[in-house]
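The residues making up each chain are set out below.
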Amino acid sequence: MTVRIVDRRFDSKHKSSINRSRFIKRFKGQIRKAVADAIGQRGVRDLDNGERVGIPGEDIEEPQFGHGRGGSWQTVRPGNDRFSSGDQIERPEGGAAGRGAGLASRDGEGLDDFVFTLTRDEFLDVFFDELALPNMVKRHLARIDQYRRTRAGYTQSGVPTNLNLSRTMRGAAGRRIAIGAPYATKLRALEAELRSLLLQETTHPAPESPGESDHVVGLRREIARLRARMEAVPFVDTFDLRYNNRIRLPQPSTQAVMFCLLDVSGSMDEGRKSIAKRFFMLLYLFLTRNYERTEVVFIRHHTVAFEVPEDDFFSSRETGGTVVSSALELMHRIISQRYPSSLWNIYGAQASDGDNWNDDSPLCRKILEDSLLPLTQYFAYIEITDGPPQNLWYEYEKVQTAQAGHFAMQRIADITDIYPVFRELFKKRATGTA
Amino acid sequence: MTLPSMQALPSGSEWTVDAIERYDEAIRSVAQEYGLDCYPHLLEIISSEQMMDAYASVGMPVYYSHWSFGKHFLSTEGRYKRGQMGLAYEIVINSNPCIAYLMEENTLPMQALVIAHAAYGHNSFFKGNHLFKQWTSADAIIDYLVFARSYIAQCEERHGVSAVERTLDACHALINVGVDRYKRTAKLSLSRETERQQARAEYLQSQVNDLWRTLPPQLERPQEKIATRFPAEPEENLLYFIEKNAPLLEPWQREVVRVVRKIGQYFYPQRQTQVMNEGWATFWHYTLLNTLYDRGGVSDGFMLEFLQSHTNVVYQPPYNSRHYSGVNPYALGFAMWRDIRRICEEPTAEDREWFPQIAGSNWRDTFDFAMQNYKDESFIVQYLSPRLMRDFRFFSVLDDDTRKKLRIESIHDESGYRALRHQLSEQYDLGRREPNIQVWNVDLRGDRSLTLRHYSHQRRPLDASCESVLEHVAYLWGFSVRLERQNADGSVELVKEQKHEKRGHPPRHAT
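All of these numbers come straight from a predicted model, not from anything done at the bench. (Residues numbered from 1 in each chain as written. Chains lettered and ligands numbered in written order. Predicted model: local features only at pLDDT ≥ 70, side-chain atom pairs only at ≥ 80, totals over all residues.)

A.B. asks: Please explain the overall build of chain B as it appears in this structure.
C.D. replies: From N to C terminus, chain B includes 21 helices and nine strands. Scored against the burial criterion, the 511 residues of chain B give a buried share of 44%. A fraction of 73% describes how many contacts in chain B between residues 6 or more apart in sequence connect residues 24 or more apart. (Helix = DSSP H or I, 4+ residues; strand = E, 2+ residues; numbered from the N terminus. Buried ≥ 20, exposed ≤ 12 C-beta atoms within 10 Å, placed from the backbone. Contact = placed C-beta atoms within 7 Å.)

Below, the structure written as structure tokens:
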């Protein structure tokens, strides 16, 4: 007899995944909070990892009856190196207060944060739970460039090559049974009657007539008539024909470009820039969730605007005034040069402290309304300030009224506002009410 | 033992299925010479991720779904990936055939060690020990788990995941007080279980309703009724009591309680025989592999690797070490079994005085007798020798919260042996290690509240989590639950009362 060895290594993996997802679902509140904290420590495009998150240990404890401290405990321990019986010793210092070690560890268990690693997908799922890209579907349909043929059930008309045999025959069989059923019932009854009659006649043959009685003959005729009618039910009717249906589906573009516009004039200090950075990061994360490919263009501006690599984007600070329109113009130029809006989903995110050269603000509104918004999917403006709004804000408010659902703006005073504001900008809107 | 030389077994660290087969063959023939009686076994090769899966579901290949298993998986995975823990080399399932998992990362000598340890050591213990024989049905456990999983999945479909989860949470909180400690349970069987489940559900519901019948009022003899308690005798198995008597549980919830209770009962012997069982398996892998070595079957390199992990397993850090976390059951168990063999084969005068019945006897017979008829607590009190206490340098410390200082009660000397042995054995008595909580009374005529009583041992109180456990009890019971403590002097005090909100339909989510 040889032993049975089963190689299970290639069995289905992730047997625990259902338990894992239940765990995440159950503690979604705590996990979401931990995830929001964790995001602060990431780079804009640092997404390829899961995230280690910790949630409070007591929340996920599974309680059991157990002993607490107090009372009298006698424990046996190994490794005596100095004691003889009757010795009195001080309680050792530290939390355990001389409790048996087995107990100390039990007491201490589960009170620390429970730390675990979310996979990248779980992390992003939690993070963008309940968020949606505004108007995504509508905007996609408005600019359909590619189509894809896909199956969409069956139709009753079509070309013979598309005939679906099994569907057709299934329908035909059903119809035959349904239409033939009343005849079949009658037929069974008549046949039973005929059998019993024949049986009767063979056991008690009627003396007066040597052949079959009229009744039997009548029955036979009726049975033959029913048979004929059943056979007349067509095997395949045109009614049964089913054809594979294929439809053309618009193929939405699966690439997106995101423009980060950042004011780096003297009034934007490090704190404000870091708020802006978080915001851009969120947007980037969010877009990569929805598009196969996402590019980012960084534009910084004071009185003039430059496209810069990410490293420079947040680092240095310039002095001087602010001309916001310079950045918008640069964005428009880059779009027309590199990102044709027929192929790219374009998102704009602008962060500023709201300072602008007064005469420039109406110009900004004009650029946005006339050239940028028609090209972009969505444009979000955040103003990082705790002061009163300035003229740029008022001009943008006009844009928002005119282009609701397509342009959004929010004010952020504190780093803690970012996530709520982001959620506000991108929250799923009930269909039809937005 | 004679030393017939044998053909050398495959060497090197890479394992192949063929090599594993040859090792199993060799180990089996040696095990048979020693007379080990085992279930047939099945070796399953799994990846480390599957090992973590198995961890999460307490080693069982099939289990129902619950978030807590997900939690265990995540924490195991986290610690494993950060290198804070290695995975156990083996998991073995007390079933017939006995299933032993071999992890693919293990080297060939480790696989041989696992086979000897799990597939022959643990396996024979499962088959022989009276607790396992009495309390678990190795033939039926997998079937039962399949039944449990599909039943719970069915409930989730019908009653919603959250309702089932709530019930399971509550049951899990009581799993340790949901075992029969003295009564023997009926054998499990999948077909019978499925068949009878429906009938039981209906019958139980009718019984329960009868219990709570308020009409007709029996006004003529109220005094007498109040004096009697229900249950008449305290009931130690909380889950059993709830399953049979909780007035408001739905039939499916009763069945869920039963499922958790049955599985808890299955694990109960394991918790009672840790030292014996692990020691036994360790003794046998040590003995079997050494026998192979003596016969020239395995190389020096093999033995070095094997001994290295073996000594890691049986290391006992002293009380003042940073690594100390209680007495290592592998170390104690292994040392005790070795010691018993020594007493049988080369008894000293001291052994003859302490163990007259086994000194000089046939060690295999003595082994089987001890393995079959004891559990940790009784095994230690019966077989822990003075010599071992000296080797381990055991001492016992009294920590009494009414005294200012700790007191060393006894140490490994002539006057201390018996007390020490007794003390150590108590440490393995589940009845003392875990709080003794029993169902004391149900206020049948009044508010239907349930009273639990904690029989306090050595004035030890319950810890803080008892409040959350009581919430779970109140959820299952459906009415208020009280927890009392009975002290050594017989006085009774109320520890905590958990009111239960009137249970209606679960609130629908407002839209």
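A.B. asks: Would you explain the sheet that holds strand β10 (residues 305–308) of chain A in this entry?
C.D. replies: Pairing between the strands of a sheet is mediated by backbone hydrogen bonds and can be parallel or antiparallel. All names here are of chain A. If you walk across this open sheet you meet the six strands as β10-β9-β8-β11-β12-β13, and the pairing is mixed. Unpaired on one side and paired on the other, β10 and β13 (407–412) mark the two borders of the sheet. Shown here is a sheet whose adjacent strand axes are inclined to one another by a mean of 20°, direction ignored. Where strand β9 (residues 293–301) lies against β10, four bridges are found, and the strand directions are antiparallel. Bridging from a neighbouring strand, H301 pairs with A305 of β10. Sheet strands touched by helix α10 (residues 324–338): β8 (255–263), β9, β10 and β11 (345–352). Its angle to β9, the strand with the most contacts, is close to 145°. (Pairing = 2+ DSSP bridges. Axes fitted to C-alpha atoms, helices over the stretch in contact; angles between N-to-C directions.)

A.B. asks: Help me understand the interface of chain B and chain A in this model?
C.D. replies: Note on interface size: it is often stated as the accessible area lost on association of the parts. Across the boundary between the two partners, chain B contributes 75 residues, which contact 56 residues of chain A. Ranked by the residues each element gives to the side of chain B that touches chain A, the list is headed by helix α3 (residues 67–81) of chain B, at nine residues. Of the residues belonging to the side of chain B that touches chain A, the class tally is 34 nonpolar, 24 polar and 17 charged. Of the strand pairs in this sheet, strand β3 (residues 72–77) of chain A and strand β4 (residues 395–400) of chain B are connected by six bridges, and their pairing is antiparallel. When the bridges of β4(B) are listed, S72(A) appears paired with D400(B). (Nonpolar A, V, L, I, M, F, W, Y, C, P; charged D, E, K, R; others polar.)

A.B. asks: Is there a simple way to explain helix α14 (residues 329–345) of chain B in this structure?
C.D. replies: Every α-helical turn comprises 3.6 residues, leaving residues that sit three or four positions apart pointing alike. Residue and element names in this part refer to chain B. With 17 residues, α14 should reach 24 Å at 1.5 Å per residue; the first-to-last C-alpha distance of 24 Å fits that figure. Considered for burial, the residues of α14 that qualify are Y330, A331, L332, G333, F334, A335, M336, W337, I340, I343 and C344. Here the buried face of α14 lies against α12 (274–294), α13 (300–313), α15 (349–354), α16 (363–373), α17 (376–383) and α18 (386–392). (Expected span 1.5 Å × (residues − 1).)

A.B. asks: What am I meant to see in the sheet that holds strand β8 (residues 481–486) of chain B here?
C.D. replies: Residues and elements named next belong to chain B. The four strands lie next to each other as β6-β7-β8-β9, forming an open sheet whose pairing is mixed. Strand pairing shows two members of the sheet lacking a second neighbour, β6 (436–442) and β9 (492–498), which therefore form its edges. Mean inter-strand twist for the sheet, computed between neighbouring axes without regard to direction, equals 25°. Relative to strand β7 (residues 450–455), β6 runs antiparallel, the two sharing six bridges. Counterpart to V442 in the pairing with β7 is L450.

A.B. asks: Explain the packing of α17(B) against helix α19 (residues 417–427) of chain B here, please?
C.D. replies: Packed helices, taken two at a time, are described by the angle between their axes plus the distance between the axes. Residue and element names in this part refer to chain B. Two elements in contact, α17 and α19, have axes whose closest approach is 8 Å; the angle formed by their N-to-C orientations is 170°. By the criterion of interaxial angle, the relationship of α17 to α19 is roughly antiparallel. Taken together, the residues of α19 that come into contact with α17 (itself represented by E377, I380 and V381) are R421, H422, L424 and S425. Residues belonging to the contact of α17 with α19 are distributed by class as follows: three nonpolar, two polar and two charged. (Parallel < 35°, antiparallel > 145°, perpendicular 65-115°, else oblique.)

A.B. asks: How should the nonpolar core be read in this particular structure?
C.D. replies: General note: in soluble globular proteins, nonpolar side chains tend to be found buried as a group. One finds A100(B) and I115(B) to be the most contacted residues of the largest nonpolar core, which totals 157 residues. With 11 residues, the single largest contributor to this core is helix α4 (residues 108–128) of chain B. Among the nonpolar cores identified, the runner-up in size contains 60 residues, and F279(A), L285(A), Y291(A) and Y419(A) belong to it. (Core = buried A, V, L, I, M, F, W, Y, C linked by C-beta atoms within 7 Å.)

A.B. asks: Would you mind showing me how to read unusual backbone geometry here?
C.D. replies: Comment: phi is negative for the bulk of residues other than glycine, and the bulk of peptide bonds are trans. Residues and elements named next belong to chain B. Cis geometry is found at the peptide bond from N96 to P97, where omega equals 0°. With respect to the secondary-structure elements, P97 resides in the loop between β2 (90–93) and β3 (98–103). For the bond running from F230 to P231, omega is 0°, close enough to zero to count as cis. Phi is positive for Q458, which is not a glycine, with a value near 55°. Looking at the element boundaries, Q458 is found in the loop between β7 and α21 (466–477).

A.B. asks: What am I meant to see in the packing of helix α6 (residues 141–159) of chain B against helix α11 (residues 251–272) of chain B here?
C.D. replies: Residue and element names in this part refer to chain B. For the pair α6 and α11, the least separation of the axes is 11 Å and the interaxial angle reads 150°. As judged from the angle between their axes, α6 and α11 are roughly antiparallel. Relative to α11, the crossing made by α6 is left-handed. Contact with α6, carried on its side by I141, Y144, A148, Y151, I152, C155 and H159, involves W252, E255, V256, V259, K262, I263 and Y266 of α11 and no other residues of that element. The residue inventory of the contact of α6 with α11, partitioned by class, reads 11 nonpolar, one polar and two charged. (Left-handed = near helix turned anticlockwise from the far one by under 90°.)

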